[in-house]
Amino acid sequence: MPRLAVENLCFQNRGPYSFRVEGGECVGLQGASGAGKSLLLRALADLDPRTGSLHLGDIDADAVAAPIWRQKVALLPAESGWWLELVGDHFTDFGAVDEDLLATVGFERSVRNWQISRLSTGEKQRLAIVRLLHNQPPCLLLDEPTASLDPGLVARVEDLLVTYSRVHQAPMLWVSHDPAQLGRVSRHRFLMESNGRLIDTGVSQDER
Amino acid sequence: MVGSLTRGCPRMNVKPLTPSDLALAASLLLLLGLLSWRLQLGLGRQLAIAAARTTVQLLLIGHILRLLFAHVHIGFMLLISLVMLASAGQEVMARQHRSIRGLHGWLIGTGAMFISSFSVTFLALFVIIGNVPWYTPQYAIPLLGMLLGNTMSGVALGMDRMTETLWQQRQIIEQRLLLGQTAGQAVREIRRQAIRAGMMPIINSMATAGLVSLPGMMTGQILGGSSPLDAVHYQILIMFLICAGTGFGTVVAILGVERKLFDTRHRLRLDVLSPP
């Protein structure tokens, strides 16, 4: 059961941050805009210069190539990026994408040939989640994963991600502005203050 | 110089231009400046400075070349080629919208031009033309000048395209890195576009040479009395050399930019770029 262990993580005059996210556990991260929640996720994905150590299970981030680390500690950015013509071009093998996974977020297999330029923000976000989970990463970092979704789809995506984390025993760090959402998906909460300080507000007792 | 290029062709001397001939040509620029002022194009200042620079720089190099031709020495040649290289390096930096900060940015462009222009020029002088000595200034200086000038354009265009596109597409590049692509995979298309941008001008001018335009060197040789065929042979040689020099120079420069803009952890480091 791999856990994400962060030790003395420092970046851009922030930190040091030290915390753990257990395998299969979802930790909710809240805090004001601009507090640096997204920056923390970027540093965990090793996308910005940093010091301190990151471990996923017995994998040391500094001991593996950065692309390997990012395949394992997968960050879903607040705004997804698409650079080719069709949806399917952005998958290494779209044919292998799970039909149920597509159906859960409201797509059929024909989405493969959809033009990127005609996707709505919400559609892009749902497809970004499919792209992320299809790679089967053992750890998830989610930056406002449902911010651009219709209310009807929010619950389904929440359920999809929480189930993934439980089934794969993946540690999951979930950034959201919505305390109600964090209440639904996580029992363990971090609060980032506007000065960048991270407070572990502990595990709530009520079972979800 | 020209006489040695001709084979049994009756030698003609170039009709010398008087200062009043040049003044007449300069009056055209004055007219253009007036038009720019009238239409508020704001080009007048730039035009005046560029025209003045052309005059002063060319007169200066004319005198330097006269001295060089009279005193052939490899030390002088080395000195003048390094001055040419440093100026080209400076010009490459000046043509960047967002250049790489500090000495490194200058070194990437200058290094790329040094590697490609100098080795191609050396090859041409030593192996292909084969004068004694190989650095005969009548051949070496114009050849190096043409190669550096064209390589400079290619390198500057390529580097500018590369840094500008990386800046504009940073979100997409980082998305690709997040999906576990290497830096090389994430910039593959941008790298290709940048190298193409650097090479397109010379490829285009090779494709239209003789049809639309008569290249400058060939024109000069013909004006100087060479037979057209001799001039054409030299022009073909020059075109190939320029194309090779520009191509290799641009590739080296783009790979240099790529190395500088990504660190060993495959992170996009836009902080190495200076603000526009």
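Structural notes, computed from the coordinates. Everything quoted here is computed from the prediction, not taken from an experiment.

### Focus: the overall build of chain B
Right, so step 1: Regarding its fold elements, chain B presents eleven helices and zero strands.
Right, so step 2: Starting at the N terminus, the α and β elements of chain B follow one another as α-α-α-α-α-α-α-α-α-α-α.
Right, so step 3: For the C-alpha atoms alone, the extent of chain B along its principal axes is close to 70 × 55 × 40 Å.
Right, so step 4: Of all 276 residues assigned to chain B, the portion counted as buried reaches 32%.
Right, so step 5: By sequence separation, contacts in chain B at least 24 residues apart represent 75% of the contacts at least 6 residues apart.

### Here's the deal with the interface of chain A and chain B
Right, so step 1: Contacts between the two partners involve 15 residues from chain A and, on the opposite side, twelve residues from chain B.
Right, so step 2: Looking at the side of chain A that touches chain B element by element, the count peaks at four residues for helix α2 (residues 66-72) of chain A.
Right, so step 3: Broken down by class, the residue content of the side of chain A that touches chain B amounts to eight nonpolar, three polar and four charged.

### Some remarks on helix α2 (residues 19-38) of chain B
Quick reminder: α-helices carry 3.6 residues per turn. Residues three or four places apart thus point the same way.
Right, so step 1: A rise of 1.5 Å per residue sets the reference length of α2 of chain B, with its 20 residues, at 28 Å; its end C-alpha atoms lie 28 Å apart and thus fit the reference within 8%.
Right, so step 2: Directly after α2 of chain B, the chain includes glutamine 40 of chain B, whose backbone phi takes a positive value near 55°.

### Re the pairing of strand β3 (residues 26-31) of chain A
Residue and element names in this part refer to chain A.
Right, so step 1: In terms of residue burial, β3 counts as a mostly covered element, since six of its six residues are buried.
Right, so step 2: Taking every second residue as pointing to the same face, both faces of β3 are buried, with Cys26, Gly28 and Gln30 on one and Val27, Leu29 and Gly31 on the other.
Right, so step 3: Bridge count between β3 and strand β8 (residues 172-175): four bridges; the pairing is parallel. What sits directly across from leucine 29, in β8, is valine 175.
Right, so step 4: Looking at chain direction, β3 and strand β9 (residues 188-192) are connected through five bridges and run parallel. Within β9, the residue paired with glutamine 30 across the bridge is leucine 191.

### Some details on the environment of methionine 206 of chain B
Residues and elements named next belong to chain B.
Right, so step 1: Locating methionine 206 in the fold gives a position in helix α9 (residues 188-208).
Right, so step 2: With 15 C-beta atoms counted inside 10 Å, the residue methionine 206 sits in the partly exposed group.
Right, so step 3: In this structure the C-alpha to C-alpha distance between methionine 206 and cysteine 243, which are 37 residues apart in sequence, comes to 8.4 Å.

### What about helix α4 (residues 74-94) of chain B?
Residue and element names in this part refer to chain B.
Right, so step 1: An ideal rise of 1.5 Å per residue puts 30 Å on 21 residues; α4 measures up with 30 Å between its terminal C-alpha atoms.
Right, so step 2: Considered for burial, the residues of α4 that qualify are Ile80, Ser81, Met84, Ala88, Gly89 and Val92.
Right, so step 3: Close packing links the buried residues of α4 with α3 (44-70), α5 (102-129) and α6 (137-168).

### A few points about the sheet that holds strand β7 (residues 139-143) of chain A
Residues and elements named next belong to chain A.
Right, so step 1: The strand order across the open sheet built from six strands is β6-β7-β8-β3-β9-β10, with neighbouring strands paired in mixed fashion. Only two strands of the sheet have a single partner each, and these edge strands are β6 (73-76) and β10 (198-203). Direction aside, neighbouring strands of the sheet carry axes that sit 20° apart on average.

Definitions and cut-offs
Residues numbered from 1 in each chain as written. Chains lettered and ligands numbered in written order. Predicted model: local features only at pLDDT ≥ 70, side-chain atom pairs only at ≥ 80, totals over all residues. Helix = DSSP H or I, 4+ residues; strand = E, 2+ residues; numbered from the N terminus. Buried ≥ 20, exposed ≤ 12 C-beta atoms within 10 Å, placed from the backbone. Contact = placed C-beta atoms within 7 Å. Nonpolar A, V, L, I, M, F, W, Y, C, P; charged D, E, K, R; others polar. Expected span 1.5 Å × (residues − 1). Pairing = 2+ DSSP bridges. Axes fitted to C-alpha atoms, helices over the stretch in contact; angles between N-to-C directions.

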